[in-house]
Amino acid sequence: MVNRKAGLGVLNLLVGKMLRAPLWLLISALLARVLGPEGLGSWSMILAAGMLINQLLLHWTQSITQRFGRVEWLDSGSLNSILSARLPLLAAGALLAVILLFVNPFDWQQRFFGIDNGGTHVLLAMLAFWCMAETQSLQQVRERFAYLAWAPIAADLVLIGAIAVLALTPILRGATFSEQLQLLLSAMAGGWLLWLVWELRCAGFRPRLRTFDWSRLPPLMAFAIPLVPGFLVGYLAEWCDYFLIRHFHGEYEVGLFHPAYQYLLILIGLPTALVSVLLPRAVQHFEKQGAAAVDLLVTRDAPRFALAWGMLILIPLAVLPGIFLLLVGDEFIASASLLGIMLAVVPGAIAQHLFGIVYFLQGRLLISTFVFFLLKLLVNAAISASLLPLIGVGGSAFGVVFSYMILQWLFVIFAVPGHRPSARFMGVLLWCQASGLLLCLFDGMILRLLMGSLVLMLSLLFLRFTPIFDAREIAAVLPVWLKPHERLLLSWLARPSN
């Protein structure tokens, strides 16, 4: 399903994600110096409010482009029809957002986020998140993977430039806090808005309002609306441990948990690079082959990608807590320990991404984005609330591990209604999760590296006696510079009988 061009796209996306992680650490450090601790807290709450409004009112419509835009692009070389069909939904969402932000019913911004008179700031944050997601969905549908990889980095550099201007310009240093926030948010929104305009221009978008077919809206809304409760649950799931840690302990413990958890989220999100490449092609195959395309993905492609991911990520997971401690300093020793525990879920994280494609193709978004994540939220909250008073912040780390592992199994077990789950993939997932749990038992970079190397060697041995990889397919995608070593590689990556 993935040719060399697509493989290059995956490489671009992985490199882009890896580069963006330290960029965000740099942005956080610069913001802390410019805004101060209290200002940084206000900045975070504004982003949180903007993200919530975007996800509930605008973001859910982008799944329509991802699901139906690929076929239109292949058939006509245009996205005019599907983008025009979304315009009424976007207009309604934008109107509701303006009402919520500037009428501010029940004073919800102050009550839930501690924001006073921040409608303009939250609007800019919402615009930034919407432009970012809209740009990335257009790039994904049109398979502009290099742009998909590097656009976020370019937008981050624009924000870093704005922070530098704010810090180095004497006039701006004397600006009010509200004006400083407005400058930074405008830079973030402006960077993504320019990318969106460029992508729409490259796609040749021309709105078709006069010939708009209102009968298209009901089926499109029926497909996408199930995403809305899922976004809300996902939002609560991301902040659950922060609320619980603050309730049982305090701000200091939240500060210890935050950097480790953010690193975990970055690593869990890395497989989305592969999904960004697979999804448009999966939609294309599904339109032509129907259920057969899903079966092929579940039984053949998913085990291959999952095992490859589990093997490739082992050594980075082994050394990451030590590198993390070098970056953040000795005062975050407890954070490094928390990270070492939570990294146990990363080898199996690809399961929810790969099988998320299956639920997307089947239109079972309510199950995958709401029911499963609601169960994860409940498990996480129950374990964390039980362990936090007993063992401290480590209780939330264990809650994260077990809730994520359960989520991974939920995606696999219920992927194809009426069929047994793929035994091959379940074996791979069990191996990946066991590898992650084994790593988290050891502390210290040397011990973790030795254990990671041992598990990697066992994985290679396991490969030789399983029918997961086909020798001919491996040989077909090997780059030229590896051709001289083809025989050796095939002896390790495929069964001897192949």
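Quick note: structure is the one above.
Below or above, wherever it landed, is the structure these notes cover. Predicted, not measured: the structure shown is a model, and the values here were computed from it.

Right, let's talk about the nonpolar core for a bit. Judged by nonpolar contacts, the single largest core of 74 residues is most densely connected at Phe 257, Leu 264, Met 342, Val 346, Phe 355 and Phe 425. With nine residues, helix α18 (residues 394-413) is the single largest residue contributor to this core. When neighbours within four sequence positions are excluded, Phe 257 is seen to be in contact with Asp 241, Tyr 242, Ile 245, Leu 338, Met 342, Val 393, Ser 396, Ala 397 and Val 400. Leu 58, Cys 131, Leu 159 and Ala 189 belong to the second-largest nonpolar core, a separate cluster that totals 65 residues.

For the rest of this paragraph, the subject is the pattern of salt bridges. Taken as a whole and judged by the stated rule, the model has three salt bridges. Here Glu 199 and Arg 142 are joined by a salt bridge, their closest N and O atoms 3.1 Å apart. Here Glu 199 is found in helix α8 (residues 177-202), whereas its partner Arg 142 is found in the loop between α5 (119-141) and α6 (145-168), with 57 residues between them in sequence. Each member of the pair, Glu 199 as well as Arg 142, is classed as buried. In this structure, the salt-bridge partner of Glu 199 is Arg 144, at a minimum N-O distance of 3.0 Å. Of this pair, Glu 199 sits in helix α8 while Arg 144 sits in the loop between α5 and α6, and the two are 55 residues apart along the sequence. Residue classification places Glu 199 among the buried positions, given a relative accessible area of 0%. What emerges from the salt-bridge pattern is a single network uniting Arg 142, Arg 144 and Glu 199.

This next bit is on the packing of aromatic side chains. Counted by the stated rule, this structure contains eight aromatic pairs. Judged by centre distance (4.7 Å) and plane angle (65°), the rings of Phe 355 and Phe 425 are edge-to-face. One end of the pair, Phe 355, is in helix α16 (residues 350-362); the other, Phe 425, is in helix α19 (residues 423-440), with 70 residues separating them in the sequence. Of the residues examined, Phe 355 reaches a relative accessible area of 1% and is grouped as buried. Where Phe 372 meets Phe 411, the ring centres are 5.3 Å apart and the plane angle is 65°; that geometry is what we call edge-to-face. Here the residue Phe 372 occupies a position in helix α17 (residues 365-391), and Phe 411 occupies one in helix α18, the gap between them amounting to 39 residues. Judged by relative accessible area, which is 3%, Phe 372 ranks as buried. Grouping aromatic residues by their ring pairs yields a cluster made of Tyr 359, Phe 372, Phe 373, Phe 411 and Phe 414.

The contact between α16 and α17 brings their axes to 7 Å, and the two run at 135°. Considering the angle they form, α16 stands oblique to α17. Across from Gln 352, Tyr 359 and Phe 360 in α16, the residues of α17 making contact are Leu 365, Ile 367, Ser 368, Phe 372 and Phe 373. Looking at the contact of α16 with α17 residue by residue, the class counts come to six nonpolar, two polar and no charged.

Here we come to the environment of Gly 436. One can find Gly 436 in helix α19. Looking at Gly 436, the relative accessible area reads 2%, which means it is buried. Taking the C-alpha atoms as reference points, Gly 436 and Val 345, separated by 91 residues in sequence, lie 6.2 Å from one another.

A positive phi angle, near 60°, is found at Phe 106, a position not held by glycine. Take Phe 106: it is sitting in the loop between α3 (80-102) and α4 (108-113). Within the chain, Asp 107 stands out as a residue other than glycine whose phi angle is a positive 50°. Inspection of the secondary structure puts Asp 107 in the loop between α3 and α4.

Calculation criteria
Residues numbered from 1 in each chain as written. Predicted model: local features only at pLDDT ≥ 70, side-chain atom pairs only at ≥ 80, totals over all residues. Heavy atoms only, no water. Core = buried A, V, L, I, M, F, W, Y, C linked by side-chain atoms within 4.5 Å. Buried < 20%, exposed > 50% of the residue type's maximum accessible area, 1.4 Å probe, protein only. Helix = DSSP H or I, 4+ residues; strand = E, 2+ residues; numbered from the N terminus. Contact = heavy atoms within 4.5 Å. Salt bridge = Lys/Arg side-chain N within 4 Å of Asp/Glu carboxyl O. Phe/Tyr/Trp six-rings, centres within 6.5 Å; stacked < 30°, edge-to-face > 60°. Axes fitted to C-alpha atoms, helices over the stretch in contact; angles between N-to-C directions. Parallel < 35°, antiparallel > 145°, perpendicular 65-115°, else oblique. Nonpolar A, V, L, I, M, F, W, Y, C, P; charged D, E, K, R; others polar.

Everything listed here is a matter of coordinates, which is why it stays silent on function.
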